[in-house]
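Reading the structure
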Amino acid sequence: MNTTMSKYRPNVTWDKGVGILLIVTVIFGWIASPDFATTSNLGFILQDIGEFLIIALPMTFLIIAGEIDLSVASTLSLSSSTMGYAYRSGINFNVAIIIGILVAVACGVLNGFLVNYLGLQSLAVTIGTLGLFRGLCFVLLGNQPVNQLPTFWSNLGTNSIPHTFLPWSVVIIIPAVAIAWIILHRTRYGRWTYLTGISAEAANFSGIPVKQFKFSLFVITGFMCGLAALVYTLRFASASPDSAMGYELSVIAAVLFGGVSIAGGFGTMWGVLFSVLELGVIRSVLQLINFTANALQMVSGALLLFSVALPRLIGMLKTRREARVRKSVTSLTSSRSV
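Source: prediction; values computed, not measured. (Residues numbered from 1 in each chain as written. Predicted model: local features only at pLDDT ≥ 70, side-chain atom pairs only at ≥ 80, totals over all residues. Heavy atoms only, no water.)

**A closer look at the overall build of the protein**
Defined as follows: In this text, helices come from DSSP runs of H or I with a minimum length of four residues, and strands from runs of E with a minimum of two, each type numbered from the N-terminal end. The buried label applies to any residue whose accessible area, calculated with a 1.4 Å probe on protein chains only, is under 20% of its type's maximum; exposed applies above 50%, and partly exposed to all values in between. Two residues qualify as a contact provided that any one of their heavy atoms is within 4.5 Å of a heavy atom in the partner residue. The Shrake-Rupley method, run with a 1.4 Å probe, gives the accessible areas here. Residue values count only the displayed protein chains as cover.
Of regular secondary structure, the protein possesses 14 helices and 0 strands. Along the chain direction, N to C, the helices and strands of the protein fall in the order α-α-α-α-α-α-α-α-α-α-α-α-α-α. Classification of the 338 residues of the protein by burial places 47% in the buried group. Across the protein, the fraction of contacts at a sequence separation of at least 24, relative to all contacts at a separation of at least 6, is 78%. When the accessible surface of the protein is split by element, carbon and sulfur atoms take 68% of a total near 16700 Å².

Okay, here's the thing in structure tokens:
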């Protein structure tokens with residue numbers, strides 16, 4: 001119990017740090033550009049992070065449990081492409097949405113099966129399915145995106161909720177965040193996530209059905225990618241085979257920067273929420289002060305590197321400090337005995 005809590009406490013400190021950084025970045029944005037604090041820009045930020053946040057929620061569970069899914073962006077794209085292909089083929093768009101989400105779930109089922117029932121590494125599997133799913137997008141649509149979506153649905157993707165600056169995507173985002181937080185921090189499923197990440201073998205011996213549990217995480221990830229595909233498709237009013245290119249980097253960067261350990265075992269949903277918001281605010285500020293698209297990509301890469309390297313550096317410094325303390329105590333004890 002003490003070991004688990006000692007691992008958890010540093011993460012709480014990190015959460016607070018990310019939250020403080022978010023506040024500082026908001027203040028900087030407010031000072032840097034008069035357009036930052038407008039309701040239209042705040043609505044744009046929420047709209048811009050919609051699919052990122054939706055995918056980051058299940059990715060948090062996966063990484064805490066000691067797994068990873070690099071195919072999430074390709075799953076989103078395949079789901080979106082399926083919606084577009086079905087609609088172009090004459091299927092009602094309401095039905096096309098359901099088909100697209102089911103395809104995303106099937107992607108999660110495939111990843112989960114290969115990892116948990118064939119015993120393959122999730123990193124290798126999802127690198128492979130990343131290419132597979134992306135290739136299927138081009139098989140479905142070729143080089144011709146579907147741009148003519150029903151007006152009702154495309155308006156939901158581009159307009160705000162009446163009398164507010166909030167995009168319609170918050171109808172999905174807010175309940176998803178609340179449910180994910182409750183499950184991770186207040187249910188047995190969440191406890192299983194932490195225990196499996198700390199030691200899958202020990203979790204299995206304690207009675208947790210590790211294979212089935214991890215399989216369910218991949219399936220849920222697929223489902224959430226389907227919801228993200230819906231948000232993405234409506235936001236751009238288009239289904240394209242090259243959609244969401246590179247999104248997996250931004251999602252993983254946000255999750256790790258939010259304090260989730262790449263080694264598994266700990267992390268919080270608050271940290272991930274703050275981190276995704278921080279990423280959205282940074283992107284907005286950089287765009288308002290005329291940074292290029294390449295700079296935005298560099299920010300994602302820098303956050304990923306920083307979030308992995310800094311905890312390691314802190315751990316090394318802590319180990320050295322403890323070693324010096326033990327050495328000092330040993331020397332003091334030896335001198336007293338003499």
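**Some remarks on a positive patch on the surface**
This is how the line gets drawn: Nonpolar side chains (Val, Leu, Ile, Met, Phe, Trp, Tyr) within 5 Å and like charges within 9 Å form the patches, drawn only from residues with over 30% relative accessible area and no salt bridge. A pair is scored as a salt bridge if a Lys or Arg side-chain nitrogen falls within 4 Å of a carboxyl oxygen belonging to Asp or Glu. Positive charges are assigned to Lys and Arg, negative charges to Asp and Glu, while His and the chain termini are left out of the count. One atom stands in for each charge, and that atom is NZ of Lys, CZ of Arg, CG of Asp or CD of Glu.
Positive charge collects at one region of the surface, where Lys-318, Arg-320, Arg-321 and Arg-324 lie side by side. The residue Lys-318 is located in helix 14 (residues 293-337) in this model. For Lys-318, a relative accessible area of 41% gives the class partly exposed.

**Notes on the side chain of Lys-214**
With respect to the helices and strands, Lys-214 occurs in helix 11 (residues 210-236). Judged by its relative accessible area of 9%, Lys-214 is buried. Setting aside its immediate chain neighbours within four residues, Lys-214 contacts Ala-65, Glu-67, Asn-116, Thr-196 and Ala-200.

**What to know about the packing of aromatic side chains**
For clarity, the threshold we go by: Stacked, tilted and edge-to-face pairs are distinguished by plane angle, under 30 degrees for stacked and over 60 for edge-to-face with tilted covering the rest, among Phe, Tyr and Trp rings (Trp via its six-membered ring) whose centres lie within 6.5 Å.
Going through the model one piece at a time under the given rule, you end up with 13 aromatic pairs. Ring centres 4.8 Å apart and planes at 65° place the aromatic pair Tyr-189 and Phe-213 in the edge-to-face group. Of this pair, Tyr-189 sits in helix 9 (residues 188-198) while Phe-213 sits in helix 11, placing them 24 residues apart in sequence. Among the residues examined, Tyr-189 registers a relative accessible area of 24% and is labelled partly exposed. Between Tyr-232 and Phe-236 the ring centres are 4.7 Å apart and the planes differ by 50°, which places this aromatic pair in the tilted class. Here Tyr-232 and its partner Phe-236 are both found in helix 11, 4 residues apart, which amounts to about one turn of the helix. By relative accessible area, which is 10% here, Tyr-232 ends up buried.

**Considering the nonpolar core**
Which entries qualify depends on this criterion: Grouping buried Ala, Val, Leu, Ile, Met, Phe, Trp, Tyr and Cys residues that are joined through side-chain atoms within 4.5 Å yields what is termed a nonpolar core.
Grouped together as the largest cluster of nonpolar side chains are 70 residues, with contacts concentrated most on Leu-57, Met-59, Val-255 and Val-276. With residues up to four places along the chain from it excluded, the contact list for Val-276 reads Ile-49, Phe-52, Leu-53, Ala-56 and Ala-254. Core analysis: the next-biggest nonpolar cluster, separate from the first, contains 5 residues, Leu-22, Ile-45, Val-281 and Val-285 among them.

**As for the environment of Lys-16**
Note on placement: Lys-16 falls in helix 1 (residues 2-32). Sequence separation between Lys-16 and Gly-271 is 255 residues, and the spatial gap between their C-alpha atoms is 7.8 Å.

**Here's the deal with the confidence of the model for the protein**
So the rule is basically this: Across the chain, each position has a pLDDT score giving the predictor's confidence in that residue, from 0 to 100.
Across the protein, pLDDT averages 89, with 90% of residues at or above 70. In the model of the protein, helix 14 stands out as the element of lowest mean pLDDT, 70, in contrast to helix 5 (residues 93-116), which has the highest, 98. Taken as a whole, residues 1-12 scores under 50 in pLDDT and shows 13 contacts with residues more than four places along the chain or in a different chain.

**Some points on the packing of helix 8 (residues 170-186) against helix 9**
Note the cut-off: Fitted lines through C-alpha atoms serve as axes, helices being fitted only where they are in contact, and the angles separating the N-to-C directions of these axes extend from 0 to 180 degrees. Any angle that falls under 35 degrees is termed roughly parallel, while one over 145 is termed roughly antiparallel, one within 65 to 115 roughly perpendicular, and all others oblique. Under the convention adopted here, Pro, Cys and the residues Ala, Val, Leu, Ile, Met, Phe, Trp and Tyr are nonpolar, Asp, Glu, Lys and Arg are charged, and Gly plus all remaining residues are polar.
Relative to each other, helix 8 and helix 9 sit at 65°, their axes nearing to 5 Å. Between helix 8 and helix 9, the crossing angle belongs to the class labelled roughly perpendicular. Within the contact between the two elements, helix 8 uses Ile-183, Leu-184 and His-185 and helix 9 uses Tyr-189, Gly-190, Arg-191, Thr-193 and Tyr-194. Here the residues of the contact of helix 8 with helix 9 are counted per class, giving 4 nonpolar, 3 polar and 1 charged.

**Focus on the pattern of salt bridges**
All chains considered together, the criterion is met by 4 salt bridges. Here Arg-235 makes a salt bridge to Glu-51, at a shortest N to O gap of 2.3 Å. Placement of the pair is Arg-235 in helix 11 and Glu-51 in helix 3 (residues 50-64), with a sequence separation of 184 residues. Like Glu-51, Arg-235 is buried. A salt bridge links Glu-67 to Lys-214, with the nearest nitrogen and oxygen atoms 2.8 Å apart.

**Comments concerning the side chain of Thr-126**
Inclusion rule: N or O atoms within 3.5 Å of each other form a polar contact, as long as, within protein, one can give a hydrogen and the other can take it, and as long as residues adjacent in sequence are counted only when both atoms are side-chain atoms.
One can find Thr-126 in helix 6 (residues 122-141). A distance of 3.1 Å separates a polar atom in the side chain of Thr-126 from the backbone nitrogen of Leu-70. Apart from the residues within four sequence positions on either side, Thr-126 is in contact with Ile-68, Asp-69, Leu-70, Ser-71, Asn-111 and Phe-218.

**What to know about the packing of helix 2 (residues 39-48) against helix 3**
At a minimum axis separation of 4 Å, helix 2 and helix 3 run at an interaxial angle of 40°. Taken as axis vectors, helix 2 and helix 3 run oblique relative to one another. Residue-level contacts link Leu-46, Gln-47 and Asp-48 of helix 2 to Gly-50, Glu-51 and Phe-52 of helix 3. The residue makeup of the contact of helix 2 with helix 3, split by class, is 2 nonpolar, 2 polar and 2 charged.

**Observations concerning the environment of Thr-151**
With respect to the secondary-structure elements, Thr-151 resides in helix 7 (residues 151-158). In this structure, the C-alpha to C-alpha distance between Thr-151 and Ala-237, residues 86 residues apart in sequence, is 9.2 Å.

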